[in-house]
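# Descriptive analysis of the structure
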Amino acid sequence: MRLQQESNGSHYLLSGEAQDNLGSSPTLDTLREADRKHGDPLDRLDILDANLNCSKCGSELTERFSAAMNGQLLCWQCAMSDTADTTNEITRTTDSAKVVLSKSNLFHKSLCDYVINVATGCTHGCKFCYVPSTPGVSARGDMLGERADVEDVQRDWGGYLLYRDDLPERLGRKLERKRKWKWTERGQGVVMLSSGTDCYQDRRTAQITRGCVAELVEHRIPVRILTRSPAVCRDIDLYQRATELTDDGMLVRVGSSIPCLEEEQVRAIEPRAPVPSARLNALQKLSDAGVPVYVSMSPTYPTQDRDDFESLIQKFAQLDPEVVFHEPINPRGANFDMTVEAAREAGETELANELAKLRDREYWVDYSLKQMRWAEELGDEYGVNVHIWPDKQVITSVDSETETELRNQRKRPSGEIIPDVPLPT
Ligand code: SF4
Ligand SMILES: [Zn+2]
């Protein structure tokens, strides 16, 4: 399908011929995919400027919109009265959230100052995931119950996904208006997609992500992508284009969580996420294409020894990553019990037993310190910039010299070269 351009800045409009090509009621998927293949990767078709109508009531899409499960475009009113779809034990519908861009405390981990979550819920359903216990999910139990039949946000995690289809359009408008930008030494004004979901877990989230990244890059805002999904490679053209735009560092970096290469163990506690080798291959492809990459070696398992860490860091060195973040697993919260239970149910008895031992605080502190040391030593050995994330409770449980060292570590930026955010005039 070809779209024809009538330029309006970085957004383009649909000309009469292009609209004829698309038919009288194109689906959201058709529009986003045609847009992906059209012209410069930074050009975007803005759905709210495209004279499109709701497939149900016929009203023009001028404010908010979403799509039905068959892809037909819906105005906001029709989207909010549309029923959820449950297929393969996953319930999908539109997210009613208003939020576009949120300030984030993840600068403590040298990750970002803002986050954009392209959906609520995550079909990967990692057992240790802390997201369902955060206010963005736990405080929205009523809405999730109403819209997606969620009974228990934590127990049902992995079984619901609510999309935010109109985020790129709303983000573009927000960035035009925004006059102040949070910037910290460790967060560097970066926007991360996504901290509360996987932004490439399926085609629809990937489409939202692409639109948001294009808007951010167009405004010269630095972006961090974090995903376990190899589908991130569908946007290599966009990420390559972003590398050409600034000369004081790269605007976009792409990373993946790769804690362990033992596929059975990983599958036991990350039941629906792509296997670690697929994540590694995706990062290699991006790196080979000149896109800056990083790894989140988190959370590492108590079954991993120094040799396992060495194999991992050797493989990461091949990626030439800007940084490898490392964090041992944390035994707190209801999700930890679920993690142990999931490992046992999957027949990973050694993993389950080793995880269960971490409930003993002293044992956990020893394990954490030991693994963080290995990561740092091996980083030095293989020329990889390893940035550890020591847990606050570990810091308060060690001798004073180690405590000072770990506290200083928590204040260090990641070492990535990130361009300055242009201050609004
Ligand atoms: S991929 Fe990330 S957000 Fe999704 S379940 Fe796993 S840890 Fe949570
Ligand atoms: Zn409608």
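Residues numbered from 1 in each chain as written. Chains lettered and ligands numbered in written order. Predicted model: local features only at pLDDT ≥ 70, side-chain atom pairs only at ≥ 80, totals over all residues.

## Overview of the packing of helix α6 (residues 167-177) against helix α7 (residues 203-218)
The test is simple: Only the stretch in contact is used when fitting a helix axis, every axis being a line fitted to C-alpha atoms; angles between N-to-C directions are given from 0 to 180 degrees. What counts as a helix is a DSSP run of H or I of at least four residues, what counts as a strand is a run of E of at least two, and both are numbered from the N terminus. An angle below 35 degrees is treated as roughly parallel, one above 145 as roughly antiparallel, one from 65 to 115 as roughly perpendicular, and anything else as oblique. In this scheme, a crossing is called left-handed if the near helix is turned counterclockwise away from the far one by less than a right angle; it is called right-handed if the turn is clockwise. The contact criterion used here is simple: two residues whose C-beta atoms, placed from the backbone, lie within 7 Å are in contact. Classes in brief: Ala, Val, Leu, Ile, Met, Phe, Trp, Tyr, Cys and Pro nonpolar; Asp, Glu, Lys and Arg charged; the others, Gly included, polar.
It is the contact of α6 with α7, at a shortest axis distance of 8 Å, that shows an interaxial angle of 15 degrees. With respect to each other, α6 and α7 are oriented roughly parallel. Considering the relative orientation of α6 and α7, their crossing is right-handed. Where α6 abuts α7, its residues L167, P168, L171, G172 and L175 lie against I208, G211, C212 and E215. Of the residues contributing to the contact of α6 with α7, the split by class is six nonpolar, two polar and one charged.

## With respect to the sheet that holds strand β11 (residues 160-163)
What counts, and what does not: Here a strand pair is declared whenever DSSP counts at least two bridges between the two strands.
With respect to topology, four strands assemble into an open sheet ordered β6-β7-β11-β10, the strand pairing being mixed. Looking along the sheet, the strands with just one partner apiece sit at the ends: β6 (85-87) and β10 (119-120). As defined by bridge partners, β6 adjoins strand β7 (residues 90-94) across three bridges and the pair is classed as antiparallel. Across the sheet, residue T86 finds its bridge partner in β7, namely T91. Across the face of the sheet, helix α5 (residues 141-148) comes into contact with β7 and β11 while running at roughly 90 degrees to β11.

## Remarks on the sheet that holds strand β17 (residues 386-388)
What holds strands together in a sheet is hydrogen bonding between their backbones, with the strands either parallel or antiparallel. Across the sheet, which stays open at both edges, the eight strands sit in the order β8-β9-β12-β13-β14-β15-β16-β17 with mixed pairing between neighbours. Taken across any chain shown, the strands that pair with only one partner, and hence form the sheet edges, are β8 (102-103) and β17. Across four bridges, the pairing between strand β13 (residues 223-226) and strand β14 (residues 252-257) is parallel. Bridge pairing in β14 places V223 opposite V252. Contacts from helix α14 (residues 361-382) reach β15 (293-300), β16 (323-328) and β17 within the one sheet, and its direction differs from that of β16 by about 165 degrees.

## Topic: α7
Quick reminder of the rule: Under the convention used throughout, the expected extent of a helix is 1.5 Å for every residue step, that is, one less than its residue count.
Relative to the 22 Å expected for 16 residues at 1.5 Å per residue, α7 spans 22 Å between its end C-alpha atoms, a close match to the ideal helical length. Following α7 by one or two positions, R220 has its phi on the positive side, about 60 degrees.

## What about the packing of helix α11 (residues 306-318) against α14?
Two elements in contact, α11 and α14, have axes whose closest approach is 10 Å; the angle formed by their N-to-C orientations is 40 degrees. Taken together, α11 and α14 sit at an angle that is classed as oblique. As α11 packs across α14, the resulting crossing turns out to be right-handed. From α11, R306, F309, E310, I313, Q314 and A317 reach across to α14, where they touch W374, A375, L378, G379 and Y382. Tallied by class, the residues present in the contact of α11 with α14 amount to seven nonpolar, two polar and two charged.

## Considerations on the domain arrangement of the chain
Short version of the rule: In this document the domain limits rely on a domain assignment from an automatic tool or a database.
Domains assigned within the chain are domain 1 (1-82) and domain 2 (94-411). For domain 1 and domain 2, the distance between their C-alpha centroids amounts to 31 Å. Each partner contributes residues to the interface: domain 1 has 17 residues there, and domain 2 has 17 residues. When residues of the side of domain 1 that touches domain 2 are traced back to their parent elements, those giving at least two are α2 (28-36), β4 (65-67) and α3 (76-81). A per-class count over the side of domain 1 that touches domain 2 returns nine nonpolar, two polar and six charged.

## So, the pairing of β13
For clarity, the cut-off: Here exposure depends only on C-beta density: within 10 Å of a residue's C-beta, 20 or more other C-beta atoms make it buried, 12 or fewer make it exposed, and intermediate numbers make it partly exposed, the C-beta atoms being placed from the backbone. Crossover handedness is defined by viewing with both strands directed away from the observer: a clockwise path from the first strand over the helix to the second marks the crossover as right-handed.
Of the two faces of β13, both are covered, the one formed by V223 and I225 as well as the one formed by R224 and L226. Where strand β12 (residues 191-193) meets β13, three bridges bridge the pair, whose relative direction is parallel. Across the sheet, L193 pairs through a bridge with I225, a residue of β13. Assessed by its sense of winding, the connection that carries the chain from β12 through α7 to β13 is right-handed.

## Section: the nonpolar core
Where we set the bar: Remark: nonpolar core denotes a set of buried Ala, Val, Leu, Ile, Met, Phe, Trp, Tyr and Cys residues whose joining runs through C-beta atoms within 7 Å.
Grouped together as the largest cluster of nonpolar side chains are 94 residues, with contacts concentrated most on V191, L193, C212, V223, V252 and V324. In terms of residue count, the dominant contributor to this core is α7 (seven residues). Here V252 is in contact with V213, V217, V223, I225, Y239 and A242, once residues within four sequence places are set aside. With 15 residues, the next largest nonpolar core counts L45, L61, A67 and L73 among its residues.

## Regarding α2
So the rule is basically this: An arc is given here, and it is the one of the directions from the helix axis to the C-beta atoms.
Every buried residue belonging to α2 is among L28, L31, R32 and D35, and all of these are buried. Each buried residue of α2 lies within a common arc of 95 degrees when the element is viewed along its axis, so the set occupies one face.

## Concerning the environment of L74
Following the sequence through the fold, L74 ends up in strand β5 (residues 73-75). Judged by the 24 C-beta atoms lying within 10 Å of it, L74 is buried.

## A few points about the site of ligand 1
Our working definition: Here is the check we use: build the C-beta atom from the backbone, and if it is within 6 Å of the molecule or strand, call the residue near.
Lining the immediate surroundings of ligand 1 are C122, H124, G125, C126, C129, V131, T197, D198, R228 and A273. Its residues assigned to classes, the shell around ligand 1 comprises five nonpolar, three polar and two charged.

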